[in-house]
Amino acid sequence: MDEEKMNGGPPMEIIDDVVSVHDHEAFAAKHLPDLGHDVKDFQVYTWRLTNWKKLEKKITSPEFDCGGHKWRILLFPFGNSNAPPNDTVSVYLDYAEPKKSPEGWHACAQFALVISNIHDPTIYTVSHAHHRFIAEECDWGFTRFSELRKLFNIQEGYPRPTIEEESADVTVYVRVLEDPTGVLWHNFVNYDSKKETGYVGLKNQGATCYMNSLLQSLYCTRYFRKAVYQIPTEDEHPTESVSLALQRVFYHLQTSDQPVGTTELTKSFGWKSNDSFYQHDVQEFNRVLQDNLESKMKGTKAEGAIAKLFVGKMKSYIKCVNVDYESSKIEEFKDIQLNVKGMKNLYESFRYYVAEETMEGENKYQAEGFGLQDAKKGIIFESFPPVLHLQLKRFEYDIQRDAMVKINDRHEFPFEIDLAEFIDDASPVRSESWLYKLCGVLVHSGDVNGGHYFALIKPDRETRWLKFDDDRVTPVTDREVLEENYGGEPLNGHLYPMQRNQLRTMKRFTNAYMLVYVRDAMIDEVLAPFKEEDTPTHLKRRLDEERLQLEAKRREREEQHLFLTARVITDDTFTRYQGFDLATFDEKNWPQSDLPTFRVLKQETYSVFKSRVAAHFELPDNKVRLWVLVNRQNKTVRPDAPIPENEPTLTVEVIRNNMAARQSDLRLYLDVITDPSKPDPPQGHIMIFLKHFDTSKQSLFGVGKVYVSRNSKVQDLHPIINERMRWAPGTPLKLYEEIKPGMIELMKPKSTFAQSEIQDGDVICFQVEQAEKELHDLEIQGLYSNPSQFYDFLQNRVMIFFRPKFEEPDGDHPEFNLVLSKKHNYDTMSQRAGEYLRHDPIKLRFTTTHAANGAPKAVLKRSLNQSIADFMGSNYVHPTTTVILYEKLDVSIVELETKRSLKIIWTGIQNREEASYPFLLPKTSMINDLADHLAKTVTLSAGGTGKIRVFEVSKDGKVQREFTGSEMIGNIPEPVELYAEEIPREEFEASEVDKVINVFHFHKEVSRAHGVPFRFVVKPQERFVDTKKRLQARLGVSDKEFSKFRFALIQAATFKQPSYIEDGNAIVFVPEGYGSLPITEDVIYDHKFAPEDCLGLDHVDRSGKARLGAAEKAIVIRG
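Residues numbered from 1 in each chain as written. Predicted model: local features only at pLDDT ≥ 70, side-chain atom pairs only at ≥ 80, totals over all residues. Heavy atoms only, no water.

Engineer: Would you mind going over the overall build of the protein with me for this structure?
Structural biologist: Along the backbone of the protein there are 27 helices and 51 strands. In the protein, of all internal contacts separated by at least 6 residues, the share reaching a separation of at least 24 is 68%. Accessible area of the protein: about 52,900 Å², with a carbon and sulfur share of 49%. (Helix = DSSP H or I, 4+ residues; strand = E, 2+ residues; numbered from the N terminus. Contact = heavy atoms within 4.5 Å. Areas by Shrake-Rupley, 256 points an atom, 1.4 Å probe, with all protein chains shown as cover.)

See below:
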């Protein structure tokens, strides 16, 4: 009964058309808006109250029935305890007997609570709400229903108060609503998808909901799942094999009761973690995935399965009206792209797709052997596949904005569609049934820049419609499948003002963009029940083993409280260790030391544990002495005392609690006893650890330990060290005590160890004494000349990871890491990175990254000469993950501050990307200056115009955006991709009657542009066969290559598929939808070119420069 329960809006004082509380139908119509759900039952209950001021603080009305549930009114006449006392009324609808109801009960109710005058039922205060009543939330209503004084006093425009003579009627109007899905207004706390629907969801990795919706659709296409299972993958690794990773996702969806992860799958695609934060086009993703799987199915039992399921055939034709002549071509398709804009429903979209165009009058068709003829031109289907993927064109390129936009218009689609009328009359399968049932709706909610994807799927004839929304699967109603995804304005006129704006904005952007229809005659084969033997045994075996391992790990986690971890330092690990103490345990800026580790039952006795350790290191028990390391008060971690051998029943936990109380694990040093007949450390001796600081190698490593008498002198260590290091006797040494980080002190040779306060576990560091000049030389080179300086470096060292900013890592642009000090400045870092990359440090530019996702943050400025600590920032939770991006520049970063570095891609005279040229010019230079510099660098054609055009490419890749030449390069927004070409003489000398048109390259689909668009002159009366010869010359393409090109006019005003010129015919260029604009004969010039119309060259992309929509990142699946 808290504040949240005021979800019905403020109480409404009624002034307009008067309705009586007793007129139930009129009152409900006015105060209970239609929420669009079926009503199971409607009841009104009134409770008369007198002596208001003497009422108890909390009272309940008698119970009443509605919808098979018992209800009552719960009233706090002076406000409940959460509200200020005595100044408000709190009133709720209360579910009367929650404890007597069956487990998991719920009731969805819409209600209005009213307090009215006992003499005049048109004077009242009312509030309404709706709620899913469950055991945890069995009352709902209004904590601040009304102020008491407003109820007791006459309000303006009314003859009497609501509460009169200390009496009033409290009435509740209740509608119990049908909940066909069982999840109406569900809060989804503890919701179990598997239990409620039999299916589980997929986890979202960041922005992978587009992929999840398609994967669920493919998973539910059981024939496809079986085919994927038939790809042999026994010897493959899941993060390298798309087939195996997909099999694993499908198997987990089949068997898991928790949402399934897709990280393995995206890794198998070759994607890095940040690729999961890019949303992609589902259709493009589907194509790339299916192409990958199709190649894997070749030569296996599954070969041909994708074509059998998803491939249909269509025929494009031109048919003469008066003579018996037809030119046609049959092509396969895996999906159909249908217009939404201007189309009322799916039938209209199909009819528009196959609409014939008439070629007559001036625009007759040149038919081989028959001359000019009236003709019909169009597309017809020869067959549809068993599983039909329909792409609704919700995303289109807007010429004016040079950007993709989302079409949110209303577009209806049915549960069942008969496509027979779209099959060619001459097709041998014309007489078959072409009835299709809707089995999947993929939905996008949001705009062109992002949003959310989910799928609505009917897995088979018997199962109801389900919504697959990332990790949650819920049942849905037919209305949620169709009406709510048509787009446009919501049709239900029953929205009340408060909801109206909210719902409208929500609905308008949520709509279907892909439909999956299954041919009715084949549903039983395509969606056949899945049998045990359909899952490959090797997959089952492998995943069951992994499940057991996970189960063991889970048990291990659950039993963790029974165990502790023991980490053991040995003389061997010490000699390989460089840092403070004997090993690193909890250092913030440095990873933990890799030490032999044991998981030990806390109740295990010391003698058993010691035997395990001895066996691990292949030592007899009597040669092993274990020392416990403790956290000293000065923050160091050192061996303190050996574990007593005379109490064999001591448990590991007792040892930890007694000897190292402030640690969660046990840290030990393994002391190997040379003479087992003397098992105890020598009396009056101290165990000291030695480290050698080597100035030539700039290193500091352990060299073992020694036992020394407390009363011997520090200088007595010299001969021991010289012998151990195999140095000449008498080699002069300097000894330092490693007290703690920041405190490394030179020791007095003549003092005893006792006077020097040395104890067990202390560390002494030594170096060979060197002449002043040698030490000075080291310091000039920026090297450390004594252990104090080196320890300071160790205290401040960090590992910085370097990655190339724009390139995929390779030999020229490697990923690498450097160990640097936080005190180092920018120049030291760039110097070290330059040495590693063999690149002039002044020509390296660095960018910091966001810790969360590794995205670029800010370019580091050399002029600030910050320290590494400055740009690491304090927000790094784990500073070990500091990532810096680098760029290898051709210019000094100093120059970059006043100049602009630009790369320009030169396509020459033949529209080929010949090379990329970098320029560094003052920011005030014009584009014309850039063109002049380029002219001196490139080779222009002999006898050419000598003129250069600098341009950008439109985001859809179809047209050039030419610069005037007077733009200042400093003002061109980043990032920019500049191109330049030589202007051909043909264009330079074009006459007034010639037309200059845009030409671009694409492959199969207009949206899949590649290469660089160019301009081309078309001439009046020139037959297209001659135009093609000029095009071939302009592109410098061989006859063999050019014979594979196809040509189409792309009209910007329409969005239908292009229509092609067929071989051997003098053909007209008329993309469908040109209406009255067909072009006569084979003269391209006669087309009335709008500024954005283009000639498209359809051929395989050999440029590697695919362009997708509005600069969308191309999808690549490598595994």
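Engineer: Even after reading the chapter, I still don't get the sheet that holds strand E40 (residues 856–859), so can you show me in this structure?
Structural biologist: Where strands meet in a sheet, backbone hydrogen bonds hold them as pairs that are either parallel or antiparallel. Read across the sheet, 5 strands follow the order E38-E37-E41-E39-E40 without closing on themselves; strand pairing throughout is mixed. For this open sheet the edge positions go to strand E38 (816–821) and E40, each flanked by a neighbour on one side alone. Neighbour-to-neighbour, the strand axes of the sheet open up by a mean angle of 40 degrees, direction not taken into account. Bridge count for strand E37 (residues 797–804) against E38 is 6 bridges, and the pairing is antiparallel. Paired with Val 798 across the bridge in E38 is Leu 820. Relative to the sheet, helix H21 (residues 826–837) contacts E37, E38, strand E39 (844–849) and strand E41 (883–888), its axis offset from that of E39 by approximately 110 degrees. (Pairing = 2+ DSSP bridges. Axes fitted to C-alpha atoms, helices over the stretch in contact; angles between N-to-C directions.)

Engineer: What is the right way to look at the environment of His 850 in this model?
Structural biologist: By secondary structure assignment, the location of His 850 is in the loop between E39 and E40. A sequence separation of 32 residues divides His 850 from Thr 882, and the C-alpha atoms of the two residues are 9.0 Å apart. Sequence-distant contacts of His 850, defined by excluding residues within four places in its chain, comprise Ala 855, Pro 856 and Lys 857.

Engineer: Please explain the confidence of the model for the protein as it appears in this structure.
Structural biologist: Detailed reading of the predicted coordinates is not advisable wherever pLDDT falls low. Residues of the protein with pLDDT of at least 70 account for 89%, and the chain-wide mean is 84. Note that pLDDT drops below 50 for residues 875–880; the model gives that stretch 15 contacts with residues more than four away or on any other chain. Considering only residues more than four positions removed or in separate chains, one finds that residues 1108–1113, a stretch of pLDDT under 50, has 16 contacts. (pLDDT = per-residue confidence, 0-100.)

Engineer: Which parts of the structure should I look at to understand the nonpolar core?
Structural biologist: If you look at soluble globular proteins, the nonpolar side chains tend to sit buried side by side. Core analysis: the largest hydrophobic core is formed by 56 residues, its most contacted members being Phe 224, Phe 250, Leu 293 and Met 297. Apart from residues no more than four positions distant in its own chain, Phe 224 is found in contact with Leu 218, Phe 250, Leu 293, Ile 306, Leu 309 and Phe 310. Tyr 436, Leu 438, Tyr 486 and Leu 515 belong to the second largest nonpolar core, which has 38 residues in total. (Core = buried A, V, L, I, M, F, W, Y, C linked by side-chain atoms within 4.5 Å. Buried < 20%, exposed > 50% of the residue type's maximum accessible area, 1.4 Å probe, protein only.)

Engineer: How should I be thinking about the packing of helix H5 (residues 222–229) against helix H6 (residues 242–255) in this particular structure?
Structural biologist: Two quantities define a packed helix pair, namely the angle between the helix axes and the distance between the axes. Where H5 contacts H6, the two axes come as close as 9 Å, and the packing angle between them is 130 degrees. Considering their axes alone, H5 and H6 lie oblique with respect to each other. Here H5 and H6 pass one another in a crossing that is left-handed. Two secondary-structure elements touch here, H5 through Phe 224, Arg 225, Val 228 and Tyr 229 and H6 through Ser 243, Leu 246, Gln 247, Phe 250, Tyr 251 and Gln 254. (Parallel < 35°, antiparallel > 145°, perpendicular 65-115°, else oblique. Left-handed = near helix turned anticlockwise from the far one by under 90°.)

Engineer: I tried to follow the packing of H6 against helix H14 (residues 537–558) on my own but got confused; where do I start?
Structural biologist: Contact geometry for H6 and H14: axes closest at 11 Å, N-to-C directions at 70 degrees. In terms of axis orientation, H6 runs roughly perpendicular to H14. Relative to H14, H6 is oriented so that their crossing is right-handed. Note on element contacts: H14 touches H6 through His 538, Leu 539, Lys 540, Arg 542, Leu 543, Asp 544, Glu 546 and Arg 547, opposite Leu 244, Gln 247, Arg 248, Tyr 251, His 252 and Thr 255. Across the contact of H6 with H14, the residue classes break down as 4 nonpolar, 4 polar and 6 charged. (Nonpolar A, V, L, I, M, F, W, Y, C, P; charged D, E, K, R; others polar.)

Engineer: Would you mind going over helix H18 (residues 717–725) with me for this structure?
Structural biologist: Think of an α-helix as 3.6 residues a turn; residues three or four steps apart then line up on the same face. When H18 is considered as a whole, its buried residues turn out to be Leu 717, His 718, Ile 721 and Asn 722. Buried residues of H18, seen end-on, are gathered within an arc of 130 degrees and therefore sit on one face of the element. Facing away from the buried side of H18 by over 90 degrees, the exposed positions are Pro 719 and Glu 723. At its buried positions, H18 is contacted by strand E32 (685–694), strand E33 (699–709), strand E34 (733–740) and strand E36 (762–768). Residue Arg 726 follows H18 closely and has a positive phi angle near 60 degrees. (Arc of directions from axis to C-beta.)

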